[in-house]
Amino acid sequence: GYRGIILNSETKEDSANIGIYIREANNYKGFRVHSIMSRYNFSDRAKENWKIIVDKIANKGVQLWVIFGRKEAGITDAIVEAKLKEIVNYSRAKNVQVILYPHSSCYIATAEEAFSFVERINSPDLQLAVHLCHEIRANNGARINEVFESVKTRIGAVTLAGTDSIPDRTSNFTVDISTIQPIGKGNYDLNQFVHALKSSGYKGLVGFINFKIEEKSEIYLPSSISIWKSYLNK
């Protein structure tokens, strides 16, 4: 019942296999690769890997989701904005839409932080993502309606997962597993998220983040989409 997949490209091997994934996905009617995530770590020698990805997905209707890594000494908003502009301009020439991906513990951690960068660059080829798990980690679960209202003019992607209202901050692992669960699990009321999503006017696809979910995919994938559809029909 899913309409596609989102890929995470971290290594040269990942990038080399993009074409294989796209071709395989296209073998299934109504199913395709929708987007590819790329993390830009400021001190990483492989940080320009995004260019390889863009070249691979040029003119294929696949979005590039860009995460800026952890804050480092000497890195400023101006540096991040300049790099983001470079990515957008390069991607525009390849007919690739860029989505700024806010990620917890990184330079841009929330949708509202991403909004200020997207507003300043003000390009039709750049939008932002709203990720429920990262908003929860930023203590924005109770104000998710306000978050959507603040960024609704710039939303280009949305993801969710089952989550607890408050992350378990014992370790990085517990943060992950408490905020990324099968849909229907966790004590956060997804009705809040669905109401905010509908009110925002966003009409695009919604992704299910399944990072590190330990339950068998044969179980959690069908049950998650079934529960998600029940929320949409309320």
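Before any of the text, the structure's been laid out above.
Residues numbered from 1 in each chain as written. Predicted model: local features only at pLDDT ≥ 70, side-chain atom pairs only at ≥ 80, totals over all residues. Heavy atoms only, no water.

1. What about helix H7 (residues 144-151)?
Heads up, the rule is: For every residue, the accessible area obtained with a 1.4 Å probe (protein chains only) is divided by the maximum for its type, and the residue is called buried under 20%, exposed over 50%, and partly exposed between those limits. Helical segments are the DSSP runs of H or I of at least four residues, strand segments are the runs of E of at least two, and each set is numbered from the N terminus. When we speak of the arc, we mean the arc of directions from the helix axis to the C-beta atoms. We call two residues in contact whenever any of their non-hydrogen atoms come within 4.5 Å of each other.
For H7, every residue scored as buried is listed here: Ile-144, Val-147, Phe-148 and Val-151. The buried residues of H7 occupy an angular sector of 95° when the element is viewed end-on, so they sit on one face. Of the surrounding secondary structure, the elements contacted by the buried residues of H7 are helix H5 (111-121), strand S5 (126-131), helix H6 (132-137), strand S6 (155-160) and helix H9 (190-200).

2. Re the packing of H9 against helix H10 (residues 217-232)
Condition: For helices, the fitted line uses only the C-alpha atoms of the stretch in contact; every axis is such a line through C-alpha atoms, and the angle between N-to-C directions lies from 0 to 180 degrees. For classification purposes, an angle smaller than 35 degrees is called roughly parallel, one larger than 145 roughly antiparallel, one from 65 to 115 roughly perpendicular, and anything else oblique. Should the near helix be turned counterclockwise from the far one by less than a right angle, the crossing is left-handed, whereas a clockwise turn marks it as right-handed. Ten residues, namely Ala, Val, Leu, Ile, Met, Phe, Trp, Tyr, Cys and Pro, are considered nonpolar, four, namely Asp, Glu, Lys and Arg, are considered charged, and the remaining ones, Gly among them, are considered polar.
Axis separation between H9 and H10 bottoms out at 10 Å; the angle between their running directions is 60°. Relative to H10, the element H9 lies oblique. For the element pair H9 and H10, the recorded crossing hand is right-handed. Touching Leu-190, Asn-191, Phe-193, Val-194, Leu-197 and Lys-198 of H9 are Trp-228, Tyr-231 and Leu-232, all from H10. Its residues assigned to classes, the contact of H9 with H10 shows 7 nonpolar, 1 polar and 1 charged.

3. Topic: the packing of H5 against H7
Where H5 meets H7, the closest approach of the two axes is 9 Å, and the angle between their N-to-C directions is 5°. If you check the angle between H5 and H7, you find them roughly parallel. Note on element contacts: H7 touches H5 through Glu-146, Val-147, Ser-150 and Val-151, opposite Ala-111, Glu-112 and Phe-115.

4. A closer look at the nonpolar core
The following threshold applies: Take the buried Ala, Val, Leu, Ile, Met, Phe, Trp, Tyr and Cys residues and link them wherever side-chain atoms come within 4.5 Å; each set so joined is a nonpolar core.
Counting 68 residues, the largest nonpolar core has Phe-68 and Phe-193 as the members making the most contacts within it. No other element matches the 6 residues that H5 contributes to this core. Discounting chain neighbours no more than four positions away, the residues touching Phe-68 are Tyr-40, Phe-42, Val-80, Lys-83, Leu-84, Ile-87, Leu-100, Cys-106, Tyr-107 and Ile-108.

5. Considerations on the side chain of Gln-63
Definition in use: Polar contact is the term for a pair of N or O atoms within 3.5 Å; when the atoms are in protein, one must be able to donate a hydrogen and the other to accept it, and sequence-neighboring residues count only if both atoms are side-chain atoms.
Tracing the backbone shows Gln-63 in strand S3 (residues 63-68). In this structure the side chain of Gln-63 is engaged in a polar contact, spanning 2.8 Å, whose partner is the side chain of Trp-65. Engagement of the side chain of Gln-63 in a polar contact is seen with the side chain of Gln-97, the distance being 2.8 Å. Non-local contacts of Gln-63, meaning those with residues more than four positions away in its chain, are made with His-34, Ser-35, Ile-36, Ile-57, Gln-97, Ile-99, Gly-156 and Ala-157.

6. Some details on the packing of aromatic side chains
For clarity, the threshold we go by: Here the aromatic set is Phe, Tyr and Trp, taking the six-membered ring for Trp, and pairing holds for ring centres within 6.5 Å; pairs whose planes are under 30 degrees apart are stacked, those over 60 apart are edge-to-face, and all others are tilted.
Here the structure, examined in full by the defined rule, presents 9 aromatic pairs. When the ring of Phe-148 is compared with that of Phe-193, the centres are 5.6 Å apart and the planes differ by 70°; the resulting orientation is edge-to-face. In this pair, Phe-148 is assigned in helix H7 and Phe-193 in helix H9, connecting sequence segments 45 residues apart. Considered together, Phe-148 and Phe-193 belong to a single accessibility category, that of buried residues.

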